[in-house]
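Residue-level structure breakdown
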Amino acid sequence: MSEKHDGPAEDHGQHLRAHSAPTTQQIRTVGQRRREAEEKLEHHLDEARHKSEHHDAPEQGSATETDQ
């Protein structure tokens, strides 16, 4: 009796590797990218907060400049 295979044996090996646990280096890279993305997001949020504070505050000096 012979078994029918879908393809070469190495195809199964590639399939198994695609679903294996990530390597330590891959985990570190993902962690580093996440930290960088969080820092970038925090920076953008800070900029947005400062812009909204600037727009919410009454402008000082604009009336005196036009009066002169």
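These remarks concern the structure in this document. What you see is a predicted model, and the numbers here were worked out from it, not measured in a lab. (Residues numbered from 1 in each chain as written. Predicted model: local features only at pLDDT ≥ 70, side-chain atom pairs only at ≥ 80, totals over all residues. Heavy atoms only, no water.)

Turning to the overall build of the chain, a few remarks are in order. Helices and strands together make up the secondary structure of the chain, namely 3 helices and 0 strands. Reading the helices (α) and strands (β) of the chain from amino to carboxyl end gives α-α-α. In the structure as shown, the chain presents an accessible area of about 7100 Å², 51% of it carried by carbon and sulfur atoms. (Helix = DSSP H or I, 4+ residues; strand = E, 2+ residues; numbered from the N terminus. Areas by Shrake-Rupley, 256 points an atom, 1.4 Å probe, with all protein chains shown as cover.)

All chains considered together, the criterion is met by 2 salt bridges. In this structure, the salt-bridge partner of Arg 49 is Glu 42, at a minimum N-O distance of 3.7 Å. Owing to a relative accessible area of 42%, Arg 49 belongs among the partly exposed residues under this scheme. Judged by its relative accessible area of 39%, Glu 42 falls in the partly exposed class. Arg 49 is the partner of Asp 46 in a salt bridge, and the nearest nitrogen-oxygen pair spans 2.7 Å. Residue Asp 46 and its partner Arg 49 are located together in helix α2 (residues 24-56), separated by 3 residues, close to a single helical turn. Using a relative accessible area of 31% as the deciding quantity, one classes Asp 46 as partly exposed. A network of salt bridges, in which partner residues are shared, links Glu 42, Asp 46 and Arg 49. (Salt bridge = Lys/Arg side-chain N within 4 Å of Asp/Glu carboxyl O. Buried < 20%, exposed > 50% of the residue type's maximum accessible area, 1.4 Å probe, protein only.)

Secondary-structure assignment places Ser 52 in helix α2. Residue classification places Ser 52 among the partly exposed positions, given a relative accessible area of 35%. Within the local environment of Ser 52, its side chain forms a polar contact with the backbone oxygen of Arg 49, the two atoms lying 2.9 Å apart. (Polar contact = N/O pair within 3.5 Å; in protein donor to acceptor, adjacent residues only side chain to side chain.)

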